[in-house]
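Fold and geometry: a report
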Amino acid sequence: MEFKPWFSKVAASGFFMGLVGLFPTVSSAAGAGAPHLEGQDLGLIWVIPFACMLLSIAIFPLVAPHFWHKNFGKISGFWAVCFLIPFTIFFGYELALYETLHVGLLEYFPFIILLFSLFTVAGGVRVRGKLTGTPVLNTTILLIGTALASFMGTTGAAMLLIRPLIRAMEHRKHKTHTVVFFIFLVANIGGSLTPLGDPPLFLGFLKGVDFFWPAVHMFLPMLFLSIVLLLVYFALDSFLYNKEGPIAAPEPVEPADDVSFALDGKINLLLLVGVVAAVLMSGIWKPGISFDIYHVHVELQNIVRDVILLLLAYLSLRLTNDQSRKDNGFNWFPILEVGKLFIGIFITIIPAIAILKAGTSGALGVIVESVSTPTGEPVNYMYFWATGILSSFLDNAPTYLVFFNTTGSDVATLTGELSNTLLAISAGAVFMGANTYVGNAPNFMVRSIAEESGVPMPSFFGYMLWSGAILIPCFVLLTFMFFI
């Protein structure tokens, strides 16, 4: 690709050439076949829109909450445009179009369709009864959610149980800590034991890792973290519960609610099984048929999966009583918020992922180099922390894949003599997604539902104080127990 004449003069100036990686080399736009973005051609300046996107999520709700509530979609779109316009100018519209279609068709739309389906179907399940948010009940719900997450996905388990948990705590004064621990356990750590639990493990399954490998190797780290966090939560909730004084069971809203326990919308539980089956099908069924949309290969099995997911969401809406959804506190704002914010995240994250994929040749090469000794031996504790820290802010699935490939070993070696290295990568990607709201999709969704239900939630940085104080010490212990 060639720059326009007026642009060549600017590119030649010493000032602009000092902005390392701002201009691509000729090879960046890809020669034969599809356009291709070379991560080694990118400087960290290209990550600025992504950083600004994260800072907007962190700061605007604190300093201008009303403005943010009304305009978060526009702000997300603004940062996406701030990346796409200079990217198009410097790299050409062909590469910009390709990267936008690639992230949209293969990542964003499958992501939001799955979330929409789970949000809709799980939102149709309503728990009725005299549930009072005592420490024992709350801890039990967290335990059940942690166990379910590996089999129906962290998003599915979170969407199924967050509303019953919030309803049980309706008359509690202190609720925030319960939702925070729910994010830790149900939305992240619980999804450790199968490829269905969390996207990074599903990618490993597609790469050839045995379906039951996570259950065998991730079980003890997951069990350790779960026990520690459940004990810490129970102690904290018991202290706050006793401080509040005895809480009477909430009065039933309707006579039909005057029962110990009941479920409305049971058909949605069957539809949830259908969602899980559709995701699993897309990973196992390989018809070898794909459709090209401007060099982006969209595979038939993924189209079929997304159609099934939308059909299941439609069936849920048709088969579930509208009043039951209303009584369940269901509304569309949380999925709209996630959809608008994550389109900005997915687009602005393009250069960050490309830089990571460039390995030691990229602007983040020092991180990639840190996971191996000079002789090429893997440093497992560095794999754990490097994968984990990057997964806290970037998409944990491609981050997992980057370090999976960085090992330079085949699947048989990684699941055999280097199984501890693969364990470090897997644990970092899954566990440390809990460090921030954007570390894993259900984190943001749970926060949004909680706020819509009147539960005061920490800010972006406030949540990081919680995770820093509670999770990081656990991860340090985990490091000494399993990776050193």
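Below you will find a few notes about this structure. (Residues numbered from 1 in each chain as written. Predicted model: local features only at pLDDT ≥ 70, side-chain atom pairs only at ≥ 80, totals over all residues. Heavy atoms only, no water.)

**Thoughts on the packing of helix α4 (residues 65-91) against helix α14 (residues 333-348)**
It is at 8 Å that the axes of α4 and α14 come closest, and there the two elements cross at 20°. Judged on the interaxial angle alone, α14 and α4 are roughly parallel. In the crossing of α4 with α14, the sense of the turn from one axis to the other is left-handed. Facing α4, whose interface residues are Trp-68, His-69, Phe-72, Gly-73, Ser-76, Trp-79, Ala-80, Phe-83 and Leu-84, α14 presents Phe-333, Leu-336, Glu-337, Lys-340, Leu-341, Ile-343, Gly-344, Ile-347 and Thr-348. Broken down by class, the residue content of the contact of α4 with α14 amounts to 11 nonpolar, five polar and two charged. (Axes fitted to C-alpha atoms, helices over the stretch in contact; angles between N-to-C directions. Helix = DSSP H or I, 4+ residues; strand = E, 2+ residues; numbered from the N terminus. Parallel < 35°, antiparallel > 145°, perpendicular 65-115°, else oblique. Left-handed = near helix turned anticlockwise from the far one by under 90°. Contact = heavy atoms within 4.5 Å. Nonpolar A, V, L, I, M, F, W, Y, C, P; charged D, E, K, R; others polar.)

**Examining the side chain of Thr-154**
With respect to the element layout, Thr-154 can be found in helix α6 (residues 135-168). A polar contact of 3.4 Å, which involves the side chain of Thr-154, links it to the side chain of Asp-198. Excluding its chain neighbours within four sequence positions, the residues that come into contact with Thr-154 are Ala-149, Val-186, Ala-187, Asn-188, Gly-191, Gly-197, Asp-198, Asn-440 and Pro-442. (Polar contact = N/O pair within 3.5 Å; in protein donor to acceptor, adjacent residues only side chain to side chain.)

**Thoughts on the nonpolar core**
The biggest cluster of nonpolar side chains holds 134 residues, and the ones touching the most others in it are Phe-111, Leu-142, Phe-182, Phe-184, Leu-229, Phe-384 and Phe-431. The leading source of residues in this core is helix α5 (residues 93-122), at 13 residues. (Core = buried A, V, L, I, M, F, W, Y, C linked by side-chain atoms within 4.5 Å. Buried < 20%, exposed > 50% of the residue type's maximum accessible area, 1.4 Å probe, protein only.)

**Focus: helix α11 (residues 267-284)**
Across its 18 residues, α11 extends 26 Å between first and last C-alpha, which sits within 8% of the 26 Å expected from 1.5 Å per residue. Looking at α11, one finds that the buried residues are Asn-268, Leu-271, Leu-272, Val-275, Val-276, Ala-278, Val-279, Ser-282 and Gly-283. The buried residues of α11 occupy an angular sector of 150° when the element is viewed end-on, so they sit on one face. Projecting away from the buried face of α11 at angles above 90 degrees are the exposed residues Leu-270, Val-273 and Ile-284. Along its buried surface, α11 packs onto α5, α6, α8 (199-206), α12 (300-319) and α13 (322-327). (Expected span 1.5 Å × (residues − 1). Arc of directions from axis to C-beta.)

**Considering the pattern of salt bridges**
For the structure on display, the rule yields seven salt bridges. Linking Glu-337 and Arg-447 is a salt bridge whose minimum nitrogen-to-oxygen distance equals 3.4 Å. Within this pair, whereas Glu-337 is found in helix α14, its partner Arg-447 is found in helix α21 (residues 441-452), the two being separated by 110 residues in sequence. In this structure Glu-337 comes out as buried when scored by relative accessible area, which is 3%. The partner of Arg-447 in a salt bridge is Glu-451, and the shortest N-O contact between them spans 3.7 Å. Of this pair, Arg-447 and Glu-451 both sit in helix α21, four residues apart, which is roughly one turn of the helix. The exposure class of Glu-451 is partly exposed, given its relative accessible area of 36%. (Salt bridge = Lys/Arg side-chain N within 4 Å of Asp/Glu carboxyl O.)

**Comments concerning empty space enclosed by the protein**
Per the stated rule, a full pass over the model turns up one cavity of 30 Å³ or more. Taken as a whole, the largest cavity holds about 30 Å³ of empty space. Surrounding the largest cavity, Pro-195, Leu-201, Gly-204, Phe-205, Val-209, Asp-210, Trp-213, Pro-214, Tyr-400 and Ser-426 form its lining. By residue number, the principal contributor to the lining of the largest cavity is α8, which donates three residues. Tallied by class, residues from the lining of the largest cavity come to seven nonpolar, two polar and one charged. (1 Å grid on protein atoms, 1.4 Å probe; cavity = no way out; pocket = protein on both sides within 12 Å on 5 of 7 lines; lining within 4 Å. Points joined across faces, edges and corners; volume = space filled by probe spheres on them.)

**Considerations on the state of the cysteines**
According to the stated counting rule, one finds zero disulfides in the structure shown. No disulfide involves Cys-52; its sulfur sits 7.8 Å from that of Cys-82, the nearest cysteine. (Disulfide = S-S within 2.5 Å.)

**Some details on unusual backbone geometry**
The phi dihedral of Tyr-294 falls on the positive side, at around 50°, and the residue is not glycine. Assignment of secondary structure puts Tyr-294 in the loop between β3 (290-293) and β4 (296-299). Even without a glycine there, the phi angle at His-295 is positive, about 75°. Looking at the secondary structure, you find His-295 in the loop between β3 and β4. Owing to a relative accessible area of 33%, His-295 belongs among the partly exposed residues under this scheme.

So, to be careful, I would describe these as geometric facts and stop short of saying anything about function.
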